[in-house]
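These are the residues of each chain, in order.
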Amino acid sequence: MNHPLADADSAPWWDALERGQLLIQCCTGCQRLRWPARAICNDCGSFEWRWIPATGRGTIASWTVTHRSAPADATPTVVVMVRLDDQDDIFMPGFVDGPDDGSGLSIGLPVNVGFDEVAVGSDGWRLSVLRWRRL
Ligand SMILES: [Zn+2]
């Protein structure tokens, strides 16, 4: 497995995931938050920004359940899109705790962020992804 291709803007975010920390980019010009990482602020045009810890709280905005036909014993996978409490126009995808068929999910359901380490590379890098926890 290859390490995700992180660029200069997104590398701190991937590094934070490895440490079990959720960061979000904050424009130092207008304080607007943004994700995914990018060099320029869409609101004020500033190239100045910093990473800040996100609250790790949000609500379910949508989800999808993926069913695979092979292998025969494959379980469905639920992927959610979470609207962050930090700013309501920021959505982050991830897995979610709970039944594999997505039952019990609803729009607006509150969640907290969690992390899953899904791979460890031969050179020691670790890949973590978001796993949202239902409240
Ligand atoms: Zn800005």
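Residues numbered from 1 in each chain as written. Predicted model: local features only at pLDDT ≥ 70, side-chain atom pairs only at ≥ 80, totals over all residues. Heavy atoms only, no water.

> Where do I start with the overall build of the protein in this structure?
Looking only at helices and strands, the protein features 1 helix and 9 strands. Overall, the protein shows an N-to-C arrangement of helices and strands of α-β-β-β-β-β-β-β-β-β. On the principal axes, the C-alpha backbone points of the protein span a range of 50 × 40 × 20 Å. Out of the 135 residues belonging to the protein, those deemed buried represent 33%. Taking the intrachain contacts of the protein between residues at least 6 apart in sequence as the baseline, contacts between residues at least 24 apart amount to 51%. Here the protein has roughly 7,500 Å² of accessible surface; of this, 52% comes from carbon and sulfur atoms. Computing the positive centroid from 12 side-chain charges and the negative centroid from 17, the protein places the two 4 Å apart. (Helix = DSSP H or I, 4+ residues; strand = E, 2+ residues; numbered from the N terminus. Buried < 20%, exposed > 50% of the residue type's maximum accessible area, 1.4 Å probe, protein only. Contact = heavy atoms within 4.5 Å. Areas by Shrake-Rupley, 256 points an atom, 1.4 Å probe, with all protein chains shown as cover. Lys, Arg positive; Asp, Glu negative; His and termini not counted. Charge placed at Lys NZ, Arg CZ, Asp CG, Glu CD.)

> So what exactly am I meant to see when it comes to unusual backbone geometry here?
When glycine is set aside, most residues are seen to have a negative phi, and most peptide bonds are trans. The linkage connecting W35 with the following residue, P36, adopts the cis geometry, with an omega of 5°. Turning to its location among the elements, P36 is positioned in the loop between β2 (33–34) and β3 (49–53). For Q31, which is not glycine, the phi torsion reads 70° and is therefore positive. Its location among the elements puts Q31 in the loop between β1 (23–27) and β2. Residue classification places Q31 among the partly exposed residues on the basis of a relative accessible area of 44%.

> Explanation requested: the packing of aromatic side chains in the structure shown.
For any two aromatic rings, the description comes down to two numbers: the centre-to-centre distance and the angle of the planes. Tallied over the entire structure, the rule returns 3 aromatic pairs. Seen from their ring centres, W13 and W35 are 5.2 Å apart, and the 50° between their planes marks the pair as tilted. On the criterion of sequence distance, the pair formed by W13 in helix α1 (residues 11–18) and W35 in the loop between β2 and β3 is long-range, its members being 22 residues apart. Judged by relative accessible area, which is 19%, W35 ranks as buried. Ring centres of W49 and W51 lie 5.9 Å apart, and the angle between their planes is 85°; this geometry places the pair in the edge-to-face category. With a relative accessible area of 24%, W49 lands in the partly exposed category. Judged by relative accessible area, which is 18%, W51 ranks as buried. (Phe/Tyr/Trp six-rings, centres within 6.5 Å; stacked < 30°, edge-to-face > 60°.)

> For this particular structure, what's the right way to read the pairing of strand β8 (residues 115–120)?
The side chains of a regular strand alternate, residue by residue, between the two faces of the sheet. Pairing geometry for β8 and strand β9 (residues 126–134), over 5 bridges, is antiparallel. Opposite A119, over in β9, you have L127 as the bridge partner. (Pairing = 2+ DSSP bridges.)

> Which parts of the structure should I look at to understand the nonpolar core?
In summary, soluble globular proteins display a tendency toward joint burial of nonpolar side chains. Membership of the largest hydrophobic core comes to 25 residues, with the highest contact counts inside it found for W13, I24, V80, M92 and W132. Breaking this core down by element, the ones donating at least two residues are α1, β1, β3, β5 (77–84), β6 (91–96) and β9. Excluding anything up to four places from it in sequence, W13 contacts L22, L23, W35, W51, M92 and L130. (Core = buried A, V, L, I, M, F, W, Y, C linked by side-chain atoms within 4.5 Å.)

> Mind showing me how you'd approach the coordination of the zinc ion here?
Geometry sets the ideal angles at a metal, namely 109.5 degrees for four tetrahedral donors and 90 or 180 degrees for six octahedral donors. Taken together, the protein donors to the zinc ion comprise C27 (SG), C30 (SG), C41 (SG) and C44 (SG), at separations of 2.3 to 2.4 Å. What the 4 donor atoms of the zinc ion show is an angle range of 100 to 116° at the metal, which sorts the shape as tetrahedral. With a relative accessible area of 5%, C41 lands in the buried category. Accessibility expressed as a relative area gives 41% for C44, which makes it partly exposed. (Donors = N, O, S within 2.8 Å, 3.2 Å for Na, K, Ca; no water. Tetrahedral: all angles 85-135°; square planar, octahedral: opposite > 155°, others 65-115°.)

Without other data, these values stay purely geometric and don't point to any function.
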